Amino acid sequence: GSWNLHTLSAQLPLDFFVCFSSAAALVGSLGQGNYAAANAFLDGLAHYRQSLGLPGISLNWGPWAETGMATRLGKQHQARLQQQGLTPITPQQGLQVFEQILNYQNPQLGIIQVDWSVFLAKIKSKIIPALFSKLFTKLESKAENIPSLTVETELLNQLKSQKSSNKRQEILIEYLQEQVRQVLKLDSCQTPDPQTGFFDLGMDSLMAIELKNRLATALDMMLASTLIFEFTNIQNLVEHLESEISKNSWSTIQQQETEQKEQKINTTPKFTLKKSKDGKKSISIVNQFAELESLAEDVETLIAVEASITNELAQLENLLNNS
Ligand SMILES: NC(=O)c1ccc[n+]([C@@H]2O[C@H](COP(=O)([O-])OP(=O)(O)OC[C@H]3O[C@@H](n4cnc5c(N)ncnc54)[C@H](OP(=O)(O)O)[C@@H]3O)[C@@H](O)[C@H]2O)c1
């Protein structure tokens with residue numbers, strides 16, 4: 001639509017070409033990738049028009065109160081916006097700003113009523129988006145109580161320390177029941193049944209993404225956006241996650257074992273200095289070779305390591321005997 005307006009009005013002497021874009025294109029919006037992309041197109045169009053010498057500005061509005069699409073959102077979504085620190089813009093505020101910025105020279109302007117300390121504290125990613133990096137550093141040095149952006153791995157550690165698969169499933173079920181309760185804004189006395197489908201419990205697609213994101217953060221794992229659609233109740237999801245975690249834990253254990261092996265191989269050998277009757281000095285590392293044999297992955301590696309040690313030893317012995 002905006003492109004049609006752009007092409008059809010290209011020859012008209014317009015004073016303004018204003019695109020009502022959304023904050024979603026600027027700061028992201030959970031589960032609204034398509035909406036963010038469509039609005040980012042408006043932003044790009046305003047930049048493009050200005051590059052052609054045509055009027056063009058794109059306004060990345062935060063949610064408006066009293067009227068418009070944001071007021072038609074369900075209560076849960078409105079509550080989510082507030083939890084992110086976003087306060088709706090009243091029509092009076094919006095119109096006032098609109099009047100002030102019409103002649104603004106930049107092609108794009110974000111108009112968002114936001115509590116940045118709350119907004120930034122919600123970013124769970126290990127990587128802070130570049131757009132907020134300076135802002136975050138400023139806020140962090142100002143406020144001591146901004147929750148840290150480190151990944152909460154408490155659940156993961158708890159799971160990894162459990163050897164029994166049943167125990168791990170129990171931990172996951174309890175954790176998921178709490179997360180589902182929070183996402184669905186259920187009362188503390190309401191515990192979701194593990195066998196009941198997420199969507200039968202009242203979940204929608206945005207909530208499904210929120211639940212997936214919570215899990216990805218807690219488990220420090222990449223999870224598919226379709227996770228909740230594929231594993232449609234707590235029980236199924238737990239079984240899937242448990243097997244994924246087991247695989248990951250196994251590879252971590254294997255990795256640790258390899259590291260330990262490497263550490264052992266790299267340990268300085270305990271040399272024994274021997275002196276024969278004729279006074280000739282020699283260095284013995286027999287035990288070290290035995291240990292190497294049990295550690296080396298293959299014969300070629302063993303031969304190469306042994307050859308290199310023997311060579312070093314010969315040089316050392318030479319030095320010792322000629323000193
Ligand atoms: N409201 C907000 O909080 C907010 C925040 C950020 C950005 N925005 C952006 O601001 C714009 C307006 O939002 P709004 O809240 O005013 O939305 P809205 O209340 O849903 O109004 C949308 C308007 O677009 C018209 N429309 C829809 N489809 C159309 C089509 N195919 N062809 C021509 N006209 C069409 C509708 O006409 P009819 O009335 O005839 O259906 C209506 O007048 C949207 O692009 C939205 O993304 C809004």
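See the structure above.
Residues numbered from 1 in each chain as written. Predicted model: local features only at pLDDT ≥ 70, side-chain atom pairs only at ≥ 80, totals over all residues. Heavy atoms only, no water.

Undergrad: Can you lay out the overall build of the protein chain for me, pointing to particular residues and giving the numbers?
TA: Counting its regular elements, the protein chain contains 14 helices and 5 strands. Across the 323 residues of the protein chain, 33% fall into the buried class. Restricting the contact set of the protein chain to residue pairs at least 6 apart, pairs at least 24 apart contribute 63%. Accessible surface, the protein chain as shown: approximately 20200 Å² in total, 53% of it carbon and sulfur. (Helix = DSSP H or I, 4+ residues; strand = E, 2+ residues; numbered from the N terminus. Buried < 20%, exposed > 50% of the residue type's maximum accessible area, 1.4 Å probe, protein only. Contact = heavy atoms within 4.5 Å. Areas by Shrake-Rupley, 256 points an atom, 1.4 Å probe, with all protein chains shown as cover.)

Undergrad: Would you mind going over the site of the ligand in detail, with residue names and values included?
TA: The environment of the ligand is made up of Phe20, Ser21, Ser22, Tyr35, Trp61, Gly62, Pro63, Trp64, Gly68, Met69, Ala70 and Arg72. At 2.8 Å, a backbone N or O of Trp64 approaches an oxygen atom of the ligand. Take Met69: an N or O atom from its main chain is 2.7 Å from an oxygen atom of the ligand. Contact with the protein chains hides 38% of the accessible area of the ligand, taken as 890 Å² for the molecule alone. (Near = heavy atom within 4 Å. Polar contact = N/O pair within 3.5 Å; in protein donor to acceptor, adjacent residues only side chain to side chain.)

Undergrad: Quick one: what's the story with the sheet that holds strand 1 (residues 18-22), residue by residue and with numbers?
TA: Spatially, 1-2-3 is the arrangement adopted by the 3 strands of the open sheet, whose pairing is parallel. The open sheet is flanked by strand 1 and strand 3 (108-111), the only strands paired with a single partner. The sheet shows a mean angle of 25° between the axes of neighbouring strands, direction not considered. Alignment of strand 2 (residues 57-61) against strand 3, held across 4 bridges, turns out to be parallel. Bridging across to strand 3, Trp61 finds its partner in Ile111. Each of strand 1, strand 2 and strand 3 touches helix 5 (residues 91-101); the most contacted strand, strand 2, lies at about 155° to it. (Pairing = 2+ DSSP bridges. Axes fitted to C-alpha atoms, helices over the stretch in contact; angles between N-to-C directions.)

Undergrad: Pulling in residues and values, what's your account of the pairing of strand 2?
TA: Successive side chains on a regular strand alternate, one facing one side of the sheet and the next facing the other. Across the 5 residues that make up strand 2, a large majority, 5, are buried. Of the two faces of strand 2, the one lined by Ile57, Leu59 and Trp61 and the one lined by Ser58 and Asn60 are each fully buried. In the sheet, strand 1 pairs with strand 2 via 5 bridges, with the strands oriented parallel. Bridging across to strand 2, Val18 finds its partner in Ile57.

Undergrad: Go over the nonpolar core with me, naming the residues and quoting the values.
TA: Met203, Leu215 and Leu219 are the most contacted members of the largest nonpolar core, which has 29 residues in total. Ignoring anything within four residues of it in the chain, the contact list for Leu215 reads Tyr175, Leu176, Asp220, Leu223, Leu227, Leu237 and Leu241. Core analysis: the second largest hydrophobic core is formed by 10 residues, Val27, Leu81, Leu120 and Phe132 among them. (Core = buried A, V, L, I, M, F, W, Y, C linked by side-chain atoms within 4.5 Å.)

Undergrad: Report on the packing of aromatic side chains, specifying residues and quantitative values.
TA: Summed over all chains, the structure comprises 8 aromatic pairs. Grouping aromatic residues by their ring pairs yields a cluster made of Phe20, Trp61, Trp64 and Phe98. Positioned above the aromatic ring of Phe17, the side-chain terminus of Arg49 is 3.9 Å from the ring centre. (Phe/Tyr/Trp six-rings, centres within 6.5 Å; stacked < 30°, edge-to-face > 60°. Lys NZ or Arg CZ within 6 Å of the ring centre and 35° of its normal.)

Undergrad: Give me the pattern of salt bridges: which residues, what numbers.
TA: Across all of its chains, the model carries 5 salt bridges by this definition. Between Glu210 and Arg214 there is a salt bridge whose closest N-O contact spans 3.3 Å. Of this pair, Glu210 and Arg214 are both found in helix 10 (residues 205-219), 4 residues apart, which corresponds to roughly one turn of the helix. On the basis of relative accessible area, Arg214 is assigned to the partly exposed category, the value being 24%. A single network of salt bridges, built from pairs that share partners, joins Arg80, Glu210 and Arg214. (Salt bridge = Lys/Arg side-chain N within 4 Å of Asp/Glu carboxyl O.)

Undergrad: Lay out the environment of His240 with the relevant residues and their values.
TA: Mapped onto the fold, His240 is located in helix 12 (residues 234-266). A C-alpha to C-alpha distance of 9.6 Å links His240 and Leu227, two positions 13 residues apart in sequence. Beyond its immediate stretch of four places on either side in the chain, His240 contacts Leu227 and Phe231.

Undergrad: Please give an account of the packing of helix 9 (residues 165-183) against helix 10 that cites residues and values.
TA: At a minimum axis separation of 10 Å, helix 9 and helix 10 run at an interaxial angle of 140°. Considering their axes alone, helix 9 and helix 10 lie oblique with respect to each other. Once helix 9 is placed against helix 10, the crossing between them reads as right-handed. Along its contact with helix 9, which presents Tyr175, Leu176, Gln179, Val180, Gln182 and Val183, the element helix 10 presents Met207, Glu210, Leu211, Arg214, Leu215 and Ala218. Split into classes, the residues belonging to the contact of helix 9 with helix 10 amount to 8 nonpolar, 2 polar and 2 charged. (Parallel < 35°, antiparallel > 145°, perpendicular 65-115°, else oblique. Left-handed = near helix turned anticlockwise from the far one by under 90°. Nonpolar A, V, L, I, M, F, W, Y, C, P; charged D, E, K, R; others polar.)

Undergrad: How would you sum up the layout of surface pockets? Please name residues and give values.
TA: By volume, the second largest pocket is sized at about 720 Å³. Ser22, Tyr35, Pro63, Met69 and Ala70 are, among the 28 residues lining the second largest pocket, the residues nearest its centre. Mapped onto the lining of the second largest pocket, the elements with two or more residues apiece are strand 1, helix 2 (23-27), helix 3 (33-51) and helix 4 (75-83). Residue classes in the lining of the second largest pocket are distributed as 16 nonpolar, 11 polar and 1 charged. (1 Å grid on protein atoms, 1.4 Å probe; cavity = no way out; pocket = protein on both sides within 12 Å on 5 of 7 lines; lining within 4 Å. Points joined across faces, edges and corners; volume = space filled by probe spheres on them.)

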